[in-house]
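Listed below, chain by chain, are the residues.
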Number of protein chains: 2
Amino acid sequence: MESYRFLYDIALILLSTKIFGLLTRKLQMPQVVGALIAGIIFGPALFNILHLPGFLEPFFLKPTDFLSHLSEIGVIVIMFSAGMTTDIHELKNAGKSGFLVALIGVLVPLGLGALLGFLFSPDEAGPNLILQHIFIGTILTATSVSITVETLKEIGKLNSKVGNTILAAALIDDVMGLVVLTIVTSLAGADVNIWMVLLKIVLFFVFVAVMAFLGIKGFTWYENRYNKNLHRFPLLAFVLCLGMAFVAERIFGVADIIGAFSAGVIIANTPKGAYIDSKFQPLSYLLLTPIFFANIGLKVAIPEMSWQIVVFAILLVVVAIGSKLIGCGLGAKACGFNWKESVQVGLGMACRGEVALIVANKGAAMGLMPDAYFGPVIIMVVCCAVFTPIALKIAFRVKPSLHAIPETEPSSPLVDRYELTAKLDDMIDEDARKLFFKEEQETPKTESTKNKK
Amino acid sequence: MESYRFLYDIALILLSTKIFGLLTRKLQMPQVVGALIAGIIFGPALFNILHLPGFLEPFFLKPTDFLSHLSEIGVIVIMFSAGMTTDIHELKNAGKSGFLVALIGVLVPLGLGALLGFLFSPDEAGPNLILQHIFIGTILTATSVSITVETLKEIGKLNSKVGNTILAAALIDDVMGLVVLTIVTSLAGADVNIWMVLLKIVLFFVFVAVMAFLGIKGFTWYENRYNKNLHRFPLLAFVLCLGMAFVAERIFGVADIIGAFSAGVIIANTPKGAYIDSKFQPLSYLLLTPIFFANIGLKVAIPEMSWQIVVFAILLVVVAIGSKLIGCGLGAKACGFNWKESVQVGLGMACRGEVALIVANKGAAMGLMPDAYFGPVIIMVVCCAVFTPIALKIAFRVKPSLHAIPETEPSSPLVDRYELTAKLDDMIDEDARKLFFKEEQETPKTESTKNKK
């Protein structure tokens, strides 16, 4: 293959993920669904299923070292960014209801997912067989709340008791899901002694606590030394992220993405956390995120899907939605919500997204999940994204076509924070316009001779 | 090697290039020099020369596929960004003096560099031997004006006749250097028929002109449809960049970096060009630029330097500075500058930087430059960076320690543009502070119970 082939690959991925992303957004699904579909359509899956003529092959994508390398760094940056938008102080504000909804909402999917994994267990036995079963449950733990937030915003219910409970529970749920992932991936490591593994996990959490203390102290001191925001702050934050990801794997046998996420949480608690976060966004959306998700799509090989896989996919969707509905719903009921509200909470927590895919990707790399399950996991994410907004609107007894009621003054800090980042981006854009508008307007017309004088 | 080794590599590169970059900046050298030094120090060069014990080896960097892949995308983004900061309309404002200084300032280094290449020619003959000689000249064509700008700013002479001529000439010089690179790399391609090659080059320029027309029309129309700046604009710009880079190589046999640069120039002329440029900056400084330059440093193998290479390095420095001093100086003299001013212009144009390294990198990849010359090219860039500010200050008869005279109101559009980007970054930072400051201040103290109500 030519040495410059990667230019075509990246261009095609960026363009197709964006186009499909915009299409899926029109259908009220997250853009990540579009990115996955783009990967499937331009990858080997569609090419093989349609038996396209050979001369078309160069136009299609193939998994390459180049793309998988970019994906590896992409997943680190995605998890780091996720950490930066996780405000750990809000955990204290989340309250008992948020905690209970999250806890039962993690345990039920974990259990039912493991059961599903057991039922579809591959024949061969192995030391990690139980972990492989549990891993299916692990994929199902983390809620993706963005679709729910958009839907609740649309029907004007985001700043309700149910909305706040969902936001709080989703936050805790992320952290719990990552704790489960930490334990499961550590157990799958090289160490045979389970006590050693558990000791390492405990030591890892001690390490994170120490890094949090030192990191926040150090960054706060350094960031406050300068009145200006400097390029070095995001750069040093990235070094912390990469360093903690490396140490997590190397010393503690814990998944690198957990280290990256922890670093993100630390950075979010430094004075210039928001500035640092804003600098990682272009890195994500311009290159790393589209490539990571398209690369997952590339790994799907539809023609190889057996009937077993198709049945597995259907059951995975049912378990994914059902387990959160039951788990989170029961949690809400236990906290004094009425049945209707409990169902609303359960449905609001049913969506899965980026984190499920990232966890699946990690599991496949560690041999805890067969590659053939990428298809079902993607189908699960897409189905949840289609199902949630429709079901939520029905649960709130609001017609889907109802005119949007805009939020006037959200009072919850959780809701506030959600709005702030979008606002910052707008302000940045406004600045760029103010500064450059005059000039950009002038240049096409005036052949100014100012500097000839 | 462990699958997560890249985390350590990138962390070390980012940290070391930043530290060395800040050190070299203290010494009034560009940060890229620091990045190169970091690559040399943490690469095989220093490890081998010091005969360090083997157990230290894991702490050092080695050229890996991962790093070279990131470098490849890095050089594309760097050239795209360079294109976006090249205001083609300013070419018209540059005037006769800027043009003449640039032209003679490109031809003399090209000729003298080729002569040097001829003198140090490897023994083996080949079809590309003449091109290999000319290539040494090609590396020397492009001026890096940033050090000169900083120095002139410091002594308060940026907005002078000499300063404006240097800015204008450096702009034209970049474009001319890329035209030379286009021709040289095309001739080194697979085509044996020289007329075919020249036809392809002409067709490539036609292609760029057509893309410029269509691209500016299309982007202007699309960008004006939305009042807001959207993520899709930088993304589509990146697609244009990658697409043009690919087509340049695939269809026209022209170096991909030329295609990327051309795309950057096109984007700069669209309404949201400045916004798009601002989004590529974090992509550069957070990941791609440090890795590209450190990767060049990694390729240097000091112990293998023969005496011939050392002599070559010394002569390369002399030719680099001398040829620009003579070429640009004569150009300035021919335009009516007096001798003192002509020397000032010549010295102001003597610096080389990123582009010289990128051209050398391309040449090495194409077999036009032996890898052993990376060391001399780096030495040349470093020496020019040390020499220029000192010599310029002497030429302006200003003591190097003189207190800085700040510019009050620069009137040249070239100078203006140079200041604008820095200003935008400050405004963005200000916004982030305004938005998040209150919140960040609050969080550590108040365990607010607002959303428990």
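In this text, all values refer to a predicted model and were calculated from it rather than measured experimentally.

Rules behind the numbers
Residues numbered from 1 in each chain as written. Chains lettered and ligands numbered in written order. Predicted model: local features only at pLDDT ≥ 70, side-chain atom pairs only at ≥ 80, totals over all residues. Heavy atoms only, no water. Helix = DSSP H or I, 4+ residues; strand = E, 2+ residues; numbered from the N terminus. Buried < 20%, exposed > 50% of the residue type's maximum accessible area, 1.4 Å probe, protein only. Areas by Shrake-Rupley, 256 points an atom, 1.4 Å probe, with all protein chains shown as cover. Phe/Tyr/Trp six-rings, centres within 6.5 Å; stacked < 30°, edge-to-face > 60°. Polar contact = N/O pair within 3.5 Å; in protein donor to acceptor, adjacent residues only side chain to side chain. Patch = residues over 30% accessible without salt bridge, like charges linked within 9 Å, V, L, I, M, F, W, Y side chains within 5 Å. Salt bridge = Lys/Arg side-chain N within 4 Å of Asp/Glu carboxyl O. Expected span 1.5 Å × (residues − 1). Core = buried A, V, L, I, M, F, W, Y, C linked by side-chain atoms within 4.5 Å. Contact = heavy atoms within 4.5 Å. Disulfide = S-S within 2.5 Å. pLDDT = per-residue confidence, 0-100. Axes fitted to C-alpha atoms, helices over the stretch in contact; angles between N-to-C directions. Parallel < 35°, antiparallel > 145°, perpendicular 65-115°, else oblique. Left-handed = near helix turned anticlockwise from the far one by under 90°. Nonpolar A, V, L, I, M, F, W, Y, C, P; charged D, E, K, R; others polar.

**Some words on the overall build of chain A**
Item 1. If you tally the helices and strands in chain A, you get 18 helices and zero strands.
Item 2. Out of the 453 residues belonging to chain A, those deemed buried represent 56%.
Item 3. For chain A, the exposed area adds up to about 18700 Å²; of that, 67% sits on carbon and sulfur atoms.

**Structural notes on the packing of aromatic side chains**
All names here are of chain A.
Item 1. Applying the stated criterion to the full structure yields 33 aromatic pairs over all chains.
Item 2. Judged by centre distance (5.7 Å) and plane angle (65 degrees), the ring pair of Phe204 and Phe252 falls under edge-to-face. Residue Phe204 is found in helix α10 (residues 194–225), and its partner Phe252 is found in the loop between α11 (232–250) and α12 (256–268); the two are separated by 48 residues along the sequence.
Item 3. You can call Phe204 buried: its relative accessible area is 1%.

**Focus: the environment of Ser160(B)**
Item 1. Mapping Ser160(B) onto the fold places it in the loop between α8 (146–154) and α9 (161–187).
Item 2. Among the polar contacts made by the side chain of Ser160(B), one reaches the main-chain amide nitrogen of Gly163(B) at a distance of 3.1 Å.

**Here's the deal with a nonpolar patch on the surface**
Residues and elements named next belong to chain A.
Item 1. On the surface, a cluster of nonpolar side chains totalling about 460 Å² of accessible area is made up of Val202, Val206, Val210, Phe213 and Leu214.
Item 2. Looking at the secondary structure, you find Val210 in helix α10.
Item 3. Judged by its relative accessible area of 42%, Val210 falls in the partly exposed class.

**Concerning helix α10 (residues 194–225) of chain B**
Item 1. In a regular helix each residue adds 1.5 Å, so 32 residues correspond to 46 Å; α10(B) covers 46 Å between its end C-alpha atoms and thus fits that length.
Item 2. What α10(B) keeps buried is the set Val197(B), Ile201(B), Phe204(B), Phe207(B), Val208(B), Gly215(B), Phe219(B), Tyr222(B) and Glu223(B).

**Focus on helix α8 (residues 146–154) of chain A**
Because each turn of an α-helix spans 3.6 residues, side chains separated by three or four positions end up pointing in the same direction.
Item 1. All buried positions along α8(A) are accounted for by Ile147(A), Thr148(A), Val149(A), Thr151(A) and Leu152(A).
Item 2. Downstream of α8(A) by a residue or two, Gly156(A) has a phi angle that is positive, lying close to 70 degrees.

**Here's the deal with the nonpolar core**
Item 1. Counting residues in each nonpolar core, the largest one holds 276 residues, and the members touching the most others are Ile10(A), Ile73(A), Met380(A), Ile10(B), Ile73(B) and Met380(B).
Item 2. Dropping the residues within four chain positions of it, Ile10(A) is found in contact with Phe66(A), Leu70(A), Leu287(A), Ile291(A), Ile73(B) and Leu242(B).

**Here we look at the state of the cysteines**
Residue and element names in this part refer to chain B.
Item 1. Tallied over the full model, the rule gives zero disulfides over all chains.
Item 2. Here Cys351 stays free of any disulfide, with the sulfur of Cys384 as its closest cysteine sulfur at 5.8 Å.
Item 3. The exposure class of Cys351 is buried, given its relative accessible area of 0%.
Item 4. On the basis of relative accessibility, which here comes to 0%, the residue Cys384 falls in the buried class.

**Quick notes on the side chain of Ser71(A)**
Item 1. You can see Ser71(A) is positioned in helix α4 (residues 65–84).
Item 2. One polar contact links Ser71(A) to Asn295(A), side chain to side chain, over a distance of 3.0 Å.

**Concerning the pattern of salt bridges**
Item 1. This structure, assessed with the given rule, holds 12 salt bridges over all chains.
Item 2. With a closest N to O distance of 3.2 Å, Lys393(A) and Glu154(A) form a salt bridge. Taken together, the residues Lys393(A) in helix α17 (residues 374–395) and Glu154(A) in helix α8 connect sequence positions 239 residues apart.
Item 3. In this structure Glu154(A) comes out as partly exposed when scored by relative accessible area, which is 21%.
Item 4. The partner of Asp9(B) in a salt bridge is Arg5(B), with the nearest N and O atoms 3.0 Å apart. Highlighted residues: Asp9(B) and Arg5(B), both in helix α1 (residues 5–26), separated by four residues, approximately one helical turn. Assigned by exposure class, Asp9(B) and Arg5(B) land together as buried.
Item 5. By sharing partners, the salt bridges in this structure join Glu249(A), Asp256(A) and Lys362(A) into a single network.

**A closer look at the confidence of the model for chain A**
All names here are of chain A.
Item 1. Of all residues in chain A, 84% have pLDDT values of 70 or greater, and the mean over the chain is 82.
Item 2. Counting contacts from residues 399–411, a segment whose pLDDT is below 50, to residues more than four positions away or on other chains yields 19 contacts.
Item 3. For the stretch residues 436–453, pLDDT sits under 50, and the model shows 30 contacts to residues farther than four places along the chain or on other chains.
Item 4. If you check the scores for this complex, the pTM reads 0.82 and the ipTM reads 0.81.

**Topic: the environment of Val254(B)**
All names here are of chain B.
Item 1. Relative to the helices and strands, Val254 is located in the loop between α11 (232–250) and α12 (256–268).
Item 2. Val254 sits in the buried class, given a relative accessible area of 0%.
Item 3. Non-local contacts of Val254, meaning those with residues more than four positions away in its chain, are made with Thr182, Ser186, Phe204, Ala248 and Glu249.

**A word on the packing of helix α2 (residues 31–41) of chain B against helix α13 (residues 273–298) of chain B**
Helix-helix packing is characterised by the crossing angle of the two axes and by the distance between the axes.
Residues and elements named next belong to chain B.
Item 1. Packing of α2 against α13 brings their axes to within 7 Å, and their N-to-C directions diverge by 45 degrees. Of the possible angle classes, the one that applies to α2 and α13 is oblique. The interaxial crossing formed by α2 with α13 has right-handed handedness. Where α2 approaches α13, its residues Val32, Ala35, Leu36, Gly39 and Ile40 are matched on the opposing element by Phe293, Ala294, Ile296, Gly297 and Leu298.
Item 2. Grouping the amino acids of the contact of α2 with α13 by side-chain chemistry returns eight nonpolar, two polar and no charged.

**Side note on the packing of α11(A) against helix α13 (residues 273–298) of chain A**
All names here are of chain A.
Item 1. Closest axis-to-axis distance for the α11/α13 pair is 9 Å, and the angle between their directions is 80 degrees. Compared by their axis directions, α11 and α13 come out roughly perpendicular. Here Phe233, Pro234, Ala237 and Phe238 of α11 come into contact with α13, specifically with Tyr275, Ile276, Lys279 and Phe280.
Item 2. Residues of the contact of α11 with α13, tallied by class, amount to seven nonpolar, no polar and one charged.

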